[in-house]
Protein chains: 2
Amino acid sequence: MGQDPIRVAQFGLGPIGLGCVAAVLRRNDALQLVGAIDTDPAKAGRDVGELLDGTPVGVVVADDADQALERSGPDVVIHTTSSFLGRVADQLECCLRHGAHVISSTEELLFPWHRHPELSAGLDRASRERGVSLLGSGVNPGFVMDSLALAASGVCRELRCVEARRVVDAGKRRLPLQRKVGAGSSAEEFEARKRAGTLGHIGLVESLRLVAHGLGWPLERVEERLDPVLAEVDRSTEHLSICAGDVAGIHHTARGFVAGVQRISLDLRMYVGAEAPHDHVRLDGEPHVELRVPGGIFGDSATVAVLLNAVPRLIEARPGLLTMLDLPLLRSCGSVPAEGPTGRAARGAPSA
Amino acid sequence: MGQDPIRVAQFGLGPIGLGCVAAVLRRNDALQLVGAIDTDPAKAGRDVGELLDGTPVGVVVADDADQALERSGPDVVIHTTSSFLGRVADQLECCLRHGAHVISSTEELLFPWHRHPELSAGLDRASRERGVSLLGSGVNPGFVMDSLALAASGVCRELRCVEARRVVDAGKRRLPLQRKVGAGSSAEEFEARKRAGTLGHIGLVESLRLVAHGLGWPLERVEERLDPVLAEVDRSTEHLSICAGDVAGIHHTARGFVAGVQRISLDLRMYVGAEAPHDHVRLDGEPHVELRVPGGIFGDSATVAVLLNAVPRLIEARPGLLTMLDLPLLRSCGSVPAEGPTGRAARGAPSA
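In this text, all values refer to a predicted model and were calculated from it rather than measured experimentally.

**A look at the interface of chain B and chain A**
Counting residues at the interface gives 65 residues for chain B, matched by 65 residues for chain A. Breaking the side of chain B that touches chain A down by element, the ones donating at least two residues are helix H6 (147–153), strand E7 (158–169), helix H9 (204–215), strand E12 (261–271), strand E13 (278–286), strand E14 (289–294) and helix H10 (299–316) of chain B.

Take a look at the structure:
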């Protein structure tokens, strides 16, 4: 920081990716947008600024990652294309081959070693060979149900149990998230989509494994459970309507056992109409620690923030496939505030 | 971890230091106590276990640090002797000279570069020359009013203001803390002790400077203020009595300004009879983040925890005089839990 700006390319131009582009452009003191990649024919060939507010910024969206990375030579790629590592491993390897550090929102990449041991080993090798680092993160997984709990545990001399809970009112989120939690489905459709694996939150077990890894706790068993939350009354959002008795969203849990005892419990509720959304961490230890985030941390803008804030930290980190445990403390690296703070009323605005 | 235990020496055997000794002994899978140092004639020459629960542990307290370090050859020294860097710089240099990493509870060492630029440069040089790292930390300063706020800022894309507040009921803490906040003094005695600098919380401005440093905000001005909190009614603790109108404790604030605008505000209240003790972080940014710790993080056991949990992270870190921003995520590295978790009732026990 403070010297030449870091050259950043954006790979994936969905809502999160475009949010990253906007954030990179706002931080032109420290970051320089040098490339934008998306295979969508409706986006490729257009100036990426046109996809934001219409103002060209001089960076044309490429659909060929290899060519675009060769031409633009980024220091860091921000990657936001899919939740599943199997679908993006080629994209990540392409970035590494071009000598770029990669921060990715791919949920399975948060702690991929258990679900994808061979892909993980390959990506780790490719990163080390090129002397760059690769990290999966975001707000969930990446912060509220894993890193935040681990950070809070830093004040515990002994620790017996970790519990993290997140309650999100899906009615206030984007349509894709409402669809992802099955809002508006019948209970039968929910079961069918659950069996097909097209429903629910990706990364909960990865969060749990990261927590266990960070604490040095050898997990012997993980139990995961995904249930529908049914609407008790008719509900409607900006995007869809739900009849009473149909699905409002999900209740997703993961529990980790060490030596026969449940030691880690993650509990995620995302449904339309959830009351009192919040994040909550409870550590049963010496001392006990309880930590609440009233309103909960707002997912979309926070995910963009985590990806952006990881950029300077990635460059400092060791080469390889990393986890959040390998980075120095992630903190806001937004521009220095120049205008006055907003008033108390604005600060009291709902954050979820 | 998992290989040879880390050899630890304890320098300073007050309540926090003895807490560290007890914690090191409990973690004999990963840590080995190899030395104990204190200049108090009542402690020197005795087995350090006698100062705990009376059971000898085979480590005799030495009053000569140089000899003790030469003989014991620790990997890491946990240093807990004084709040003021000027008083301990020689002790720290002695540890570094013997090739030991040092984690210290010295409050001024959290971010010493501004108050003690020459001492800091000398300690940094000495650390680098020996290839070891030196860090000041604890729970406050070190966590609740600085690292926790910085960690929460990791989910902010933009950040305008940081506020941290800590309210501690000094009546539930040790007598030295009650004395440190002036509990039981008259208002005149408080003013005299304040002028003499023997009162109040050390490290609040260091917390503020660490936050500013972590965010890359150039502070142009810091305002610090220390006021008494007067008892509205007669109060008594296990250790002392306070008449209505006399001092119950302190209200200590530090505010940081960037380009004429207040951007960081730290507010610490420690007094006998404080109601609803808690820690609170509020970030005015995108998104807004609010984080509450009901009851507050209990200072004494948490400080021991932070020092202990820093031990394995220090060894991984780069050489030099470090801050909390240079360490990988600090998390609990207590032993793997072997017994069942405590029940809900136990978990609901007051934590402050």
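Now that the structure has been shown, we can carry on.
**Some remarks on the domain arrangement of chain A**
Residues and elements named next belong to chain A. Segmenting chain A into domains produces domain 1 (6–138 + 301–326) and domain 2 (147–296). A straight line from the C-alpha centre of domain 1 to that of domain 2 covers 26 Å. At the junction of the two partners, domain 1 supplies ten residues and domain 2 supplies ten residues. Each residue belonging to the side of domain 1 that touches domain 2 can be placed in one class, and the counts come to five nonpolar, three polar and two charged.

**Description of the pairing of E14(B)**
Alternating residues of E14(B) divide into B:Val289, B:Leu291 and B:Val293, all buried, and B:Glu290, B:Arg292 and B:Pro294, none buried. In textbook terms, the turn of a hairpin is the stretch between consecutive antiparallel strands, and for E13(B) and E14(B) this stretch comprises two residues.

**Some remarks on the sheet that holds strand E1 (residues 6–11) of chain A**
Residue and element names in this part refer to chain A. Taken together, seven strands build an open sheet; the order of strands is E3-E2-E1-E4-E5-E6-E15 and the sheet is parallel. Strands at the two margins of the open sheet, each flanked by one partner only, are strand E3 (61–62) and strand E15 (320–322). When strand E5 (residues 101–104) meets strand E6 (residues 133–136), the two strands line up parallel, connected through three bridges. Bridge assignment links Val-102 to a residue of E6, and that residue is Leu-134.

**Topic: the environment of A:Val60**
Residues and elements named next belong to chain A. On the secondary structure map, Val-60 appears in the loop between helix H2 (48–52) and E3. Given 16 C-beta atoms within 10 Å, Val-60 falls into the partly exposed group. It is 53 Å that separates the C-alpha atoms of Val-60 and Glu-158, two residues lying 98 residues apart in sequence. Setting aside its immediate chain neighbours within four residues, Val-60 contacts Gly-45, Arg-46 and Asp-47.

**A word on the environment of A:Ser332**
Residue placement: A:Ser332 occurs in the loop between E15 and helix H11 (344–347). A:Ser332 gets classed as buried once you count the C-beta atoms within 10 Å, which come to 27. The contacts of A:Ser332, once residues within four sequence positions are left out, are A:Asn309, B:Ser153, B:Gly154, B:Cys156, B:Leu159, B:Leu215 and B:Gly285.

**Digging into the relation of the copies chain B and chain A**
Mapping chain B onto chain A is achieved by rotating through 180° and translating by 0.0 Å along the same axis, at an RMSD of 0.0 Å. Taken together, these values place the two copies in the relation of a two-fold axis. For chain B, the residue whose C-alpha comes nearest the rotation axis is B:Pro328, separated from it by 2.2 Å.

Conventions we followed
Residues numbered from 1 in each chain as written. Chains lettered and ligands numbered in written order. Predicted model: local features only at pLDDT ≥ 70, side-chain atom pairs only at ≥ 80, totals over all residues. Contact = placed C-beta atoms within 7 Å. Helix = DSSP H or I, 4+ residues; strand = E, 2+ residues; numbered from the N terminus. Domains from an automatic or database assignment. Nonpolar A, V, L, I, M, F, W, Y, C, P; charged D, E, K, R; others polar. Buried ≥ 20, exposed ≤ 12 C-beta atoms within 10 Å, placed from the backbone. Pairing = 2+ DSSP bridges. Least-squares fit on C-alpha atoms with pLDDT ≥ 70 in both.

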